[in-house]
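Reading the structure
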Amino acid sequence: MRKKIVAGNWKMNCTLPEGKKLASEVIHMVEDEVNNEAEVVLIPPFIHLTGIQSLIGSSNKIFLGAQNCHQNQSGAFTGEVSASMLVSCGVTHVILGHSERREYFGETDELLSEKVNFTLENGLTPIFCCGEKLEVREARDHESLVGTQVEKALFDLSEDQIRKVVIAYEPVWAIGTGVTASAEQAQEMHAFIRNQIAAKYSQDTADSIPILYGGSVKPDNAKEIFSQQDVDGGLIGGASLKSRDFTNIVKAFD
Ligand code: PEP
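What comes next is a walk through the structure. All of these numbers come straight from a predicted model, not from anything done at the bench.

Criteria and cut-off values
- Residues numbered from 1 in each chain as written.
- Predicted model: local features only at pLDDT ≥ 70, side-chain atom pairs only at ≥ 80, totals over all residues.
- Heavy atoms only, no water.
- Pairing = 2+ DSSP bridges.
- Helix = DSSP H or I, 4+ residues; strand = E, 2+ residues; numbered from the N terminus.
- Axes fitted to C-alpha atoms, helices over the stretch in contact; angles between N-to-C directions.
- Contact = heavy atoms within 4.5 Å.
- Near = heavy atom within 4 Å.
- Polar contact = N/O pair within 3.5 Å; in protein donor to acceptor, adjacent residues only side chain to side chain.
- Areas by Shrake-Rupley, 256 points an atom, 1.4 Å probe, with all protein chains shown as cover.
- Nonpolar A, V, L, I, M, F, W, Y, C, P; charged D, E, K, R; others polar.
- Phe/Tyr/Trp six-rings, centres within 6.5 Å; stacked < 30°, edge-to-face > 60°.
- Buried < 20%, exposed > 50% of the residue type's maximum accessible area, 1.4 Å probe, protein only.
- Left-handed = near helix turned anticlockwise from the far one by under 90°.
- Arc of directions from axis to C-beta.
- Right-handed = clockwise from strand over helix to strand, strands pointing away.

1. Here we look at the sheet that holds strand E1 (residues 5–9)
Backbone-to-backbone hydrogen bonds pair the strands of a sheet. The strands run either parallel or antiparallel. The strand order E1-E2-E3-E4-E5-E6-E7-E8 describes a closed barrel built from 8 strands, whose pairing is parallel. Ignoring which end each strand starts from, the neighbouring axes of this sheet average 25° apart. Where E1 lies against strand E8 (residues 233–236), 4 bridges are found, and the strand directions are parallel. Among the inter-strand pairings, Ala 7 is bridged to a residue of E8, identified as Leu 235. Against the sheet, helix H1 (residues 16–33) touches strand E2 (39–43) and strand E3 (62–66), its axis set at about 175° to E2. Packing of helix H7 (residues 142–154) onto the sheet brings it into contact with strand E5 (125–130) and strand E6 (166–169), and relative to E5 it is tilted by some 150°.

This is the structure:
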């Protein structure tokens, strides 16, 4: 059985008091209401990590994630945060290659390959994001584009290493737009990614890697998307900022 994961990417939202309120509500609702084994990852801005960690404590259901991390351990990189710093704050997961980082901060597949390697070396679980823009899908090049993103960023890893990665398929045209990929579109791309991993490594390894879907997941569409064979959960943006909506998305696995 593959791990199920629901991760909430808060992006650049919430002051510290707002973030603490949100996290407390989610923690209580998840503890009181959720009847499934899915792991929940809260991913606030860097500056709130320690504050949110003190609320999560040592839960084996709710984990702490970061939205990015630098590819060097320390040094003269003003404004950046390293993997070991994240680990020292109780972080277990880190998003790498979100489409907003690719688009606004020029992150390339080559850089992401370095970041994936480095976070794994530091014992973090990378949530590696891939996904195509609308024009790529309209040109029917989405498999080729996503295949290249996965290959360039992940296929230098050993088989043992790639088994520690979580992948998030996030079609850019579905992020923050209210337009969700259909359950069939999501399943098709997740199966494509899994087959690509099976061809490079092994079926056993491909079958062990959680592949999350991201892009306008809401309480009313989560169940259908999560019920697809190769969809192992979600990376949630907008709806992760509302405790009730986010908890109901987690409950879609009940
Ligand atoms: C995201 O930013 O990863 C995301 C999926 O956002 P939203 O759920 O708002 O589409």
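2. Details of the site of the ligand
The full set close to the ligand counts 14 residues, and Lys 11, Glu 170, Gly 176, Ser 216 and Gly 238 are the nearest of them. The side chain of Glu 170 places a nitrogen or oxygen atom 2.6 Å from an oxygen atom of the ligand. Between the ligand and Gly 238 there is a distance of 2.8 Å, counted from an oxygen atom to a backbone nitrogen or oxygen. When the ligand sits alone it has 290 Å² of accessible area, and the protein chains cover 98% of it. The residue inventory of the shell around the ligand, partitioned by class, reads 4 nonpolar, 8 polar and 2 charged.

3. Notes on the environment of Ala 199
Mapped onto the fold, Ala 199 is located in helix H9 (residues 183–200). It is 28 Å that separates the C-alpha atoms of Ala 199 and Glu 39, two residues lying 160 residues apart in sequence.

4. A look at the packing of aromatic side chains
Describing an aromatic ring pair means giving the distance of the ring centres and the angle of the ring planes. What the rule picks out here adds up to 3 aromatic pairs. When the ring of Tyr 169 is compared with that of Tyr 213, the centres are 6.5 Å apart and the planes differ by 55°; the resulting orientation is tilted. Of this pair, Tyr 169 sits in strand E6 while Tyr 213 sits in strand E7 (residues 211–214), and the two are 44 residues apart along the sequence. The same class applies to Tyr 169 as to Tyr 213, namely buried. On the numbers, 4.8 Å between centres and 15° between planes, the contact of Phe 226 with Phe 253 is stacked. One end of the pair, Phe 226, is in helix H11 (residues 219–226); the other, Phe 253, is in the segment after helix H12 (243–250), and 27 residues separate them in sequence.

5. Remarks on the packing of H1 against H12
Orientation of H1 relative to H12, taken along the N-to-C sense of each, is 35°, at an axis distance of 9 Å. The two elements H1 and H12 cross, and the hand of that crossing is right-handed. The residues of H12 that touch H1, namely those facing Leu 22, Glu 25, Val 26, Met 29, Val 30 and Glu 33, are Ser 243, Arg 244, Phe 246 and Thr 247. Residue composition of the contact of H1 with H12, grouped by class: 5 nonpolar, 2 polar and 3 charged.

6. Let's talk about H11
One turn of the α-helix equals 3.6 residues, which is why residues spaced by three or four share an orientation. Residues of H11 that are buried: Asn 221, Ala 222, Ile 225 and Phe 226. Along H11, the residues classed as buried sweep out an arc of 125° about the axis, all on the same side.

7. Digging into unusual backbone geometry
With glycine set apart, most residues show a phi of negative sign, and most peptide bonds adopt trans. The phi dihedral of Lys 11 falls on the positive side, at around 55°, and the residue is not glycine. You can see Lys 11 is positioned in the loop between E1 and H1.

8. Describing the pairing of E8
Residues of E8 alternate between two faces, with Gly 233 and Leu 235 on one and Gly 234 and Ile 236 on the opposite face, all of them buried. Two elements, E7 and E8, share 2 bridges in a ladder whose sense is parallel. Bridge assignment links Tyr 213 to a residue of E8, and that residue is Gly 234. Crossover connection from E7 via H11 to parallel E8: handedness right-handed.

Nothing here speaks to function; it is geometry throughout.
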